Amino acid sequence: MKDSRGGTNMSQARQLPAEFMIDEDGVIVDLFRAEKMIDHMPFERVEAFIPEGKRCRCNKKDCIVPRCRENYNQIRKESEAMLFIGDGD
């Protein structure tokens, strides 16, 4: 990484990301410190921060919320099970 003078700033290269959950009063209520550059706060922690009545319930197959994708698959399986397949007469 280069600093503003064109040199390499090794301290920046060693920094790891952090993610914060900040409430409506500006208070940090959750902090996630990554151990690797690719680490991110688990989605379950993000969703737990969202009030129950405001959480996604779209049940679409491409939703980022795991529960919606699981519900989509369950609904699809139940729908397929209800299909009538004739006996060939």
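This text follows the structure it describes.
Residue indices follow the written sequence of each chain, beginning from 1 at its first position. Per-residue local features are limited, in this predicted model, to residues with pLDDT of at least 70; the limit for side-chain atom pairs, both in listing and counting, is 80 or more; totals at the level of whole chains, interfaces and linings are taken over all residues. Water and hydrogen atoms play no part in the side-chain values, which are based on all heavy atoms of the structure.

A.B. asks: It is not clear to me how the overall build of the protein should be interpreted in this structure. Could you clarify?
C.D. replies: Every helix listed is a DSSP run of H or I at least four residues long, and every strand listed is a run of E at least two residues long, numbered separately from the N terminus. Assigned secondary structure in the protein consists of three helices and two strands. Put simply, the protein runs from its N terminus to its C terminus through helices and strands in the order α-β-β-α-α. The contact criterion used throughout is that any non-hydrogen atoms of two residues lie within 4.5 Å. Contacts in the protein between residues far apart in sequence, at least 24 positions, make up 7% of those at least 6 positions apart. About 7700 Å² of surface is accessible on the protein, with carbon and sulfur atoms providing 54% of the total. In these tables, accessible area is a Shrake-Rupley quantity obtained with a 1.4 Å probe, and a residue counts as shielded only by the protein chains included in the view.

A.B. asks: Would you mind showing me how to read the environment of Glu35 here?
C.D. replies: For Glu35, the position within the fold is in the loop between strand 2 (28–33) and helix 2 (43–49). Separated by 17 residues in sequence, Glu35 and Ala18 have C-alpha atoms that sit 9.3 Å apart.

A.B. asks: Explain the pairing of strand 2 here, please?
C.D. replies: Every other side chain in a regular strand lies on the same face of the sheet, so the side chains alternate between the two faces. Judged from the five bridges that link them, strand 1 (residues 18–22) and strand 2 form a sheet pairing that is antiparallel. Residue Met21 lies in a different strand from strand 2, and its bridge partner there is Asp30. Hairpin connection, strand 1 to strand 2: the antiparallel pair is bridged by five residues, and Gly26 has positive phi, about 85°. Any two strands between which DSSP finds at least two bridges are classified as paired.

A.B. asks: Help me understand a nonpolar patch on the surface in this model?
C.D. replies: In this scheme, patches are assembled from residues that exceed 30% relative accessible area and form no salt bridge. Like charges are connected within 9 Å, while nonpolar side chains (Val, Leu, Ile, Met, Phe, Trp, Tyr) are connected within 5 Å. By definition here, a salt bridge exists when the distance from a side-chain nitrogen of Lys or Arg to a carboxyl oxygen of Asp or Glu is within 4 Å. A grouping of Phe20, Ile22, Ile28 and Leu31 is seen on the molecular surface, where their side chains present a nonpolar patch of about 370 Å² in accessible area. Contributions of two or more residues to the nonpolar patch are made by strand 1 and strand 2. Along the chain, Ile22 turns up in strand 1.

A.B. asks: Is there a simple way to explain the pattern of salt bridges in this structure?
C.D. replies: Close approach of charged atoms allows side chains with opposite charge to pair. By the definition in use, this model includes five salt bridges. Here Glu80 ties to Arg76 by a salt bridge, and the two come within 3.3 Å at their closest N and O atoms. Of this pair, Glu80 and Arg76 are both found in helix 3 (residues 66–82), four residues apart, which corresponds to roughly one turn of the helix. Overlapping salt bridges, with partners in common, bring together Glu52, Arg55 and Arg57 in one network.

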